[in-house]
Amino acid sequence: MAEIKLVPKGKIGITVEAEVIRPDVFAGLPKEEIEALHVWQGPRELPLSEFFEVEVRAGETPVDTKIIIDGDVSRVKRIGQGMKSGKIEILGNVGMHLGAEMAGGSIFVQGSAGSWTGMEMKGGLLQIAGDAGDHVGSAYRGSWRGMTGGQIQIEGNAQSQLGGGLVGGSIIVAGNVENFCGIRQSGGLILVKGNAVRGLGAEMAGGIIAIFGEIKQFCPGFIDAGREENPKVGELQLEGKFNKFTGDFALSKNPKGLLYCREV
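The structure reproduced in this document is the subject of the present report. Numbering of residues starts from 1 in each chain and follows the order in which that chain's sequence is written. Two thresholds apply to this predicted model, a pLDDT of at least 70 for residue-level local features and 80 or more for giving and counting side-chain atom pairs, whereas whole-chain, interface and lining totals are computed over all residues. Side-chain calculation: all heavy atoms of the structure are included, whereas hydrogens and water are not.

**Digging into the overall build of the chain**
Then, in step 1: Looking only at helices and strands, one finds two helices and 21 strands in the chain.
Then, in step 2: A compact globule built from 264 residues should have a C-alpha radius of gyration of about 18 Å, and the chain, at 19 Å, falls within 12% of that.
Then, in step 3: By principal-axis analysis of the C-alpha atoms, the chain measures approximately 60 × 35 × 30 Å.
Then, in step 4: Using a 1.4 Å probe, the Shrake-Rupley method yields the accessible areas, and only the shown protein chains count as cover for residues. For the chain, the exposed area adds up to about 11,500 Å²; of that, 47% sits on carbon and sulfur atoms. Where helices and strands are cited, they refer to DSSP runs of H or I of at least four residues and of E of at least two residues respectively, numbered from the N terminus. Put simply, the radius of gyration uses C-alpha atoms, and a globule should come to 2.2 Å times the residue count raised to 0.38.

Written out as structure tokens, the structure is:
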């Protein structure tokens, strides 16, 4: 697999919007054309070379192309937005809207990611070794349909409204989540290995949420549906004894959402 390496030239002040950083755009381009691709910083349209040193050993097709970003890009938004194939590896922290609307390929972040990561994601794999911000795998403002496919894996913690409007795919969080995880979820799977604060599964109509830790404030719209040992959720086999709930009855008289809470 051919590689394109981007190295930040220095600390970025005003946030840069760089949806051009994806294998679908870079594949087959010489160094000069990649450097000339336009990004936005506030009202100014600037070449990519304004912010990054570029090293190129590019493949002819997106699937043969890997982009490595060597440095902190926490002030760069929309990396990998809409990508369909190929790979991106970020050796540091990254800004908002990472992998938004991505349909294929993979993104790996060695650090933490900002809010709206994987927003309305359709496919592919997004892995974050650190923490993630609000609205991971969620819907745009004004939309009810969030992530519809693919997989998001977070090794650290996630903030509020993770999986908002989730329709399909899966989100796995090794740490804790904050408020309203899985709000308006209608399909797919959310697995939280840590704790949740409040509003877990609020307005849930379908899909599955499984949590290993504690819920600080349980949603009143869920009712007891029994107890299961080693339940299978989606393609995953969980270990342990879980209390099973259905809901959210605050939203509907016949909700199909399932919430599994492991017994402590």
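Once the structure has been displayed, the description carries forward.
**Quick notes on the nonpolar core**
Then, in step 1: With 60 residues, the main nonpolar core has Leu-6, Ile-21, Ile-69 and Ile-79 as its most contacted residues.
Then, in step 2: Any two residues having at least one pair of non-hydrogen atoms within 4.5 Å are treated as being in contact. Apart from the residues lying within four places of it in its own chain, the contact partners of Ile-69 are Leu-6, Ile-21, Phe-52, Ile-79, Ile-88, Glu-89, Ile-90 and Leu-91.
Then, in step 3: We define the nonpolar core as a collection of buried residues of types Ala, Val, Leu, Ile, Met, Phe, Trp, Tyr and Cys that are connected through side-chain atoms lying within 4.5 Å of one another. Partly exposed residues are those whose accessible area sits between 20% and 50% of the maximum for their type, while under 20% is buried and over 50% is exposed, using a 1.4 Å probe and protein chains only. The next biggest cluster of nonpolar side chains, apart from the first, holds 10 residues, and it includes Leu-189, Leu-191, Ile-208 and Phe-242.

**So, the pairing of strand β20 (residues 241-247)**
Then, in step 1: Along β20, five of the seven residues are buried, which leaves the element largely enclosed by surrounding structure.
Then, in step 2: In the sheet, strand β17 (residues 223-229) pairs with β20 via five bridges, with the strands oriented antiparallel. Residue pairing in the sheet places Glu-229 in a bridge with Lys-241 of β20.
Then, in step 3: Pairing geometry for β20 and strand β21 (residues 257-262), over six bridges, is antiparallel. Along β21, the bridge assignment pairs Lys-244 with Tyr-260. At least two DSSP bridges between two strands are required for those strands to pair.

**Notes on the side chain of Thr-117**
Then, in step 1: Position of Thr-117 among the secondary structure elements: in the loop between β9 (106-109) and β10 (125-128).
Then, in step 2: Apart from the residues within four sequence positions on either side, Thr-117 is in contact with His-97, Leu-98, Leu-126, Ile-128, His-135, Val-136, Gly-137 and Ile-152.

**A closer look at the pattern of salt bridges**
Then, in step 1: For this document, the term salt bridge refers to a Lys or Arg side-chain nitrogen within 4 Å of an Asp or Glu carboxyl oxygen. Applying the stated criterion to the full structure yields seven salt bridges.
Then, in step 2: Residue Glu-17 pairs with Lys-77 through a salt bridge whose shortest N-O separation is 3.9 Å. Here the residue Glu-17 occupies a position in strand β2 (residues 16-17), and Lys-77 occupies one in strand β7 (residues 76-77), the gap between them amounting to 60 residues.
Then, in step 3: By relative accessible area, Glu-17 is classed as partly exposed at 27%.

**Let's talk about unusual backbone geometry**
Then, in step 1: A cis amide bond links Gly-247 to the next residue, Asp-248, at an omega of 10°.
Then, in step 2: Note on placement: Asp-248 falls in the loop between β20 and β21.
Then, in step 3: We note that His-97 has phi near 65°; this positive angle belongs to a residue other than glycine.
Then, in step 4: With respect to the secondary-structure elements, His-97 resides in the loop between β8 (87-90) and β9.
Then, in step 5: If you check the backbone angles, His-135 has positive phi at about 65° while not being a glycine.
Then, in step 6: The topology assignment puts His-135 in the loop between β10 and β11 (151-154).
Then, in step 7: On the basis of relative accessibility, which here comes to 9%, the residue His-135 falls in the buried class.

**Section: the sheet that holds strand β4 (residues 44-47)**
Then, in step 1: Read across the sheet, four strands follow the order β4-β3-β2-β7 without closing on themselves; strand pairing throughout is mixed. Pairing within the sheet leaves two strands with one partner each, and these edge strands are β4 and β7.
Then, in step 2: Here β2 runs beside β7; their pairing, made up of two bridges, is parallel. Residue pairing in the sheet places Val-16 in a bridge with Val-76 of β7.

**Quick look at the pairing of strand β6 (residues 65-69)**
Then, in step 1: Of all the five residues making up β6, four are buried; the element is thus mostly covered by neighbouring parts of the structure.
Then, in step 2: The sheet contact formed by strand β1 (residues 2-8) and β6 spans five bridges and is parallel. Each residue of the ladder has a partner; that of Lys-5, found in β6, is Ile-68.
Then, in step 3: Here four bridges tie β6 to β8, and the two strands are oriented parallel to one another.

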